[in-house]
Amino acid sequence: MTSLAVHSKKHKVCIVGSGNWGTTIAKVVAENTNEHGDIFEPEVQMWVFEEEYEIPKDSKHASSELAGKTQKLTELINTLHENVKYLPNIALPKNIVANPDLADAVKDATILVFNLPHQFIGRICDQLKGKIVPYARGISCIKGLEVSDSGCQLFSDSIGAKLGIYCGALSGANIATEVAQEKFSETTVAYEPPTMDSQQPTPAGTPGGSPHGSHLDLTQLDGEVKRQPRAGGKQGDRKQRLMALPTEYPPLSHKNMTKLFHRPYFHVHLINDVVGVSLGGALKNIVALAAGFVDGLGWGDNAKAAVMRVGIVEEVKFGKTFFGDSVRTATFTEESCGVADLITSCSGGRNFRCAKMAVQEGKNIDDIEKRELNGQKLQGTSTAYEVHSFLKAEGKEDEFPLFTAVWRVLEGEKQPHDIPDMINTTAKILNQMG
């Protein structure tokens with residue numbers, strides 16, 4: 001009885017994004033909010049960038065009254081309970097509500113799951129300022145890094161800093177369609193619950209949204225979390241002030257976060273290494289391009305395995321070089337977000353497939369992307385360019401030969417068959433030995 005009195009409110013979840021992976025995560029989460037009504041509100045809001053779409057003639061919904069002309073995508077999703085454009089032929093739980101109004105979708109949500117193309121994060125966060133509850137917590141499912149003149153930053157930290165909230169990360173060997181089809185897979189969630197959460201009641205007069213403007217009203221905040229260091233550039237203040245999650249809500253412990261994401265077909269492992277989880281999810285996309293290039297040449301599994309080995313070495317080195325002790329080697333070598341994601345991405349992920357097709361067909365990878373991805377973008381190419389820009393600014397291009405090699409192939413400076421020479425560290429050692 002005491003527990004029910006203390007936790008008089010339930011968490012409301014909003015998925016910010018509705019592409020292939022965003023819709024899949026919405027499905028997973030909505031199944032769990034239905035099952036754990038003591039912790040979560042059943043309804044899951046999914047923000048959808050509104051667009052017009054016509055149901056394909058080969059769709060099982062081709063006989064629907066909505067077929068035959070373009071319709072708003074949100075109407076299609078809410079009526080058919082299927083994202084016919086980005087996740088066709090997958091039935092969605094009826095407690096998912098597609099919402100084109102971002103502010104309305106996130107209203108009163110205490111858990112925000114971000115799953116959208118990384119180039120839109122800044123703009124979306126700007127639109128969210130003043131629209132979310134100040135004690136909301138986030139999970140970033142976005143695989144990539146934010147690179148600027150001031151350094152290299154995790155998307156989870158970028159979101160947290162922009163919105164004044166704590167944000168963890170989810171990443172793993174998760175090809176979206178396979179997860180949506182409920183084929184067994186694993187993922188890693190990095191979430192370190194802020195120590196002040198669920199220890200104090202909601203402050204009197206707490207606003208329905210976060211403090212307005214670009215600066216937080218620190219007089220309202222009663223805790224802080226140490227943000228991960230920005231790699232390179234100016235470090236600045238690494239502490240992010242937070243407002244505590246009120247005691248009226250169930251604590252967002254590892255146990256309850258597991259209940260939000262874990263399914264019989266989608267196993268979740270909770271850890272605290274947000275840096276490692278984020279880096280693994282971002283950097284493996286570069287490695288997957290390299291694997292696709294050599295596979296497209298028909299060089300077989302040995303060549304692909306060699307590229308993957310070098311790739312995971314460079315992932316660990318990147319983390320240790322630029323983020324120091326805040327990253328664990330084991331996250332890359334033991335977790336789904338590390339070695340497992342690398343294997344999956346280098347076997348059948350979109351970056352691998354498009355790179356392989358580009359080599360086999362002798363076409364530019366951008367042309368393959370446009371043809372194959374239905375308007376979505378490869379994250380490997382943008383991440384490769386951003387990471388190279390960062391490494392060049394740091395004067396460390398030569399210390400990451402595979403990452404640099406992928407950039408040179410994308411730029412047309414080198415060809416895929418040059419990759420072995422570009423990552424040949426043995427030759428460099430022999431030259432140094434004379």
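Here the residue index of a chain counts from 1 through its sequence in written order. Given that this is a predicted model, residues contribute local features only at a pLDDT of at least 70 and side-chain atom pairs are listed and counted only at 80 or more, while totals for whole chains, interfaces and linings are drawn from all residues. The side-chain values count all of the structure's non-hydrogen atoms but skip hydrogen atoms and water molecules.

Some remarks on the overall build of the protein
The cut-off we apply is this: Secondary structure counts use DSSP, requiring at least four H or I residues in a row for a helix and at least two E residues in a row for a strand, with both numbered from the N terminus. Summary of the burial criterion: residues with accessible area below 20% of their type's maximum are buried, those above 50% are exposed, and those between are partly exposed, where the area comes from a 1.4 Å probe applied to protein chains only. Residues count as neighbours in contact if any of their non-hydrogen atoms are within 4.5 Å of one another. To be clear on the numbers: accessible area is Shrake-Rupley with a 1.4 Å probe, and residue cover counts the displayed protein chains and nothing else.
Each helix and strand counted, the protein has 18 helices and 14 strands in total. Per-residue burial over the protein gives 56% buried out of 434 residues. Within the protein, counting contacts between residues at least 6 apart in sequence, those at least 24 apart form 73% of the total. For the protein, the computed accessible surface area is about 18500 Å², with 49% contributed by carbon and sulfur atoms.

Regarding the pattern of salt bridges
Keep this limit in mind: Salt bridge criterion: a side-chain nitrogen from Lys or Arg within 4 Å of a carboxyl oxygen from Asp or Glu.
Counted according to the given criterion, the structure contains 19 salt bridges. Between Arg 263 and Glu 35 there is a salt bridge, and its shortest N-O distance comes to 3.1 Å. Taken together, the residues span a long stretch of sequence, with Arg 263 in the loop between α8 (254–261) and β14 (266–271) and Glu 35 in helix α2 (residues 20–35) at a distance of 228 residues. Overall, the relative accessible area of 10% leaves Arg 263 in the buried class. Taking the shortest distance from any N to any O, the salt bridge between Arg 137 and Asp 197 comes out at 2.6 Å. Of this pair, Arg 137 sits in strand β7 (residues 137–140) while Asp 197 sits in the loop between β11 (185–190) and β12 (223–226), placing them 60 residues apart in sequence. The same class applies to Arg 137 and to Asp 197, which are both buried. Salt bridges sharing common partners tie together Lys 27, Glu 31, Glu 35, Glu 182 and Arg 263.

Regarding the environment of Ile 121
Inspection of the secondary structure assignment puts Ile 121 in helix α5 (residues 121–128). Linking Ile 121 and Ile 159, residues 38 residues apart in sequence, is a C-alpha distance of 7.5 Å.

Details of the sheet that holds β11
Across a sheet, strands are paired by hydrogen bonds formed along the backbone, either parallel or antiparallel in direction. Definition in use: Note: two strands are recorded as paired if DSSP finds a minimum of 2 bridges between them. What counts as an axis is a line fitted to C-alpha atoms, over the stretch in contact for a helix, and the angles between N-to-C directions run from 0 to 180 degrees.
Taken together, eight strands build an open sheet; the order of strands is β5-β2-β1-β6-β7-β10-β11-β14 and the sheet is mixed. The sheet terminates laterally at β5 (96–99) and β14, the two strands that pair on one side only. Pairs of neighbouring strands in the sheet enclose a mean axial angle of 25°, with direction left out of account. Pairing of β7 with strand β10 (residues 166–171), which is carried by four bridges, proceeds in the parallel orientation. Among the inter-strand pairings, Arg 137 is bridged to a residue of β10, identified as Tyr 166. Each of β1 (11–16), β2 (40–47), β5, β6 (111–114), β10 and β14 touches α2; the most contacted strand, β2, lies at about 165° to it.

What about the confidence of the model for the protein?
Our working definition: Confidence scores per residue from the predictor, reported as pLDDT, run from 0 to 100.
On average, residues of the protein score 88 in pLDDT, and 86% of them are at 70 or above. Throughout residues 202–227 the model reports pLDDT below 50, and contacts reaching past four residues in sequence, or to other chains, amount to 70 contacts.

Concerning unusual backbone geometry
You will see that Asp 108, though not glycine, has its phi angle at about 65°, which is positive. Its location among the elements puts Asp 108 in the loop between α4 (102–106) and β6.

Observations concerning the nonpolar core
Here is a general trend for soluble globular proteins: nonpolar side chains tend to be buried in one another's company. As a reminder of what qualifies: Here, nonpolar core means buried Ala, Val, Leu, Ile, Met, Phe, Trp, Tyr and Cys residues that are tied together by side-chain atoms lying within 4.5 Å of each other.
Ile 25, Phe 261 and Phe 318 are the most contacted members of the largest nonpolar core, which totals 128 residues. Looking at this core, the element that brings in the most residues is helix α9 (residues 274–296), giving 14 residues. The residues contacting Phe 261, other than those within four sequence positions of it, are Ile 25, Val 28, Val 29, Asn 32, Val 113, Ile 139, Leu 170, Val 189, Phe 266 and Val 268. Counting seven residues, the second largest nonpolar core, distinct from the first, contains Tyr 53, Ala 67, Leu 76 and Val 84.

What about α8?
Keep this limit in mind: In this description, the arc belongs to the directions extending from the helix axis to the C-beta atoms.
Buried residues of α8: Asn 256, Met 257, Leu 260 and Phe 261, and no others. End-on, the buried residues of α8 take up no more than an arc of 135°, which puts them together on one face.

Observations concerning the pairing of β1
What counts here: If the strands point away from the viewer and the path from the first strand over the helix to the second runs clockwise, then the crossover is right-handed.
Among the six residues that make up β1, six are buried, leaving the element largely enclosed by the rest of the structure. Assessed by its sense of winding, the connection that carries the chain from β1 through α2 to β2 is right-handed. Pairing geometry for β1 and β6, over four bridges, is parallel. Bridge pairing links Val 16 to Phe 114 in β6.

Quick notes on the side chain of Asp 295
For clarity, the cut-off: Counted as a polar contact is a pair of N or O atoms within 3.5 Å, where, for protein atoms, one must be capable of donating a hydrogen and the other of accepting one, and residues adjacent in sequence contribute only when both atoms are in side chains.
Residue placement: Asp 295 occurs in helix α9. A distance of 3.0 Å separates the side chain of Asp 295 from the side chain of Lys 356, its partner in a polar contact. Not counting the four nearest positions on each side in its chain, Asp 295 is found in contact with Gly 300, Lys 304, Phe 352 and Lys 356.

Details of the packing of aromatic side chains
The cut-off we apply is this: Side-chain rings of Phe, Tyr and Trp (the six-membered ring for Trp) are treated as a pair once their centres are within 6.5 Å; stacked means planes under 30 degrees apart, edge-to-face means over 60, and tilted covers the remaining angles. Criterion for a charge above a ring: Lys NZ or Arg CZ within 6 Å of the ring centre, and within 35 degrees of the ring normal.
Here the structure, examined in full by the defined rule, presents nine aromatic pairs. The interplanar angle of 70° and the centroid separation of 6.4 Å between the aromatic rings of Trp 21 and Phe 266 together place this pair among those described as edge-to-face. Of this pair, Trp 21 sits in helix α2 while Phe 266 sits in strand β14, and the two are 245 residues apart along the sequence. Accessibility classification places Trp 21 together with Phe 266 in one group, the buried group. With centroids separated by 6.0 Å and ring planes inclined at 5°, the aromatic side chains of Phe 400 and Phe 403 adopt a geometry described as stacked. The exposure class assigned to Phe 400 is buried, which follows from its relative accessible area of 0%. We classify Phe 403 as buried; its relative accessible area is 2%. Members of the aromatic cluster, each reached through a chain of ring pairs, are Phe 318, Phe 322, Phe 390, Phe 400 and Phe 403. Here the guanidinium or amino end of Lys 317 rests over the ring plane of Phe 400, the centre of that ring lying 5.4 Å away.

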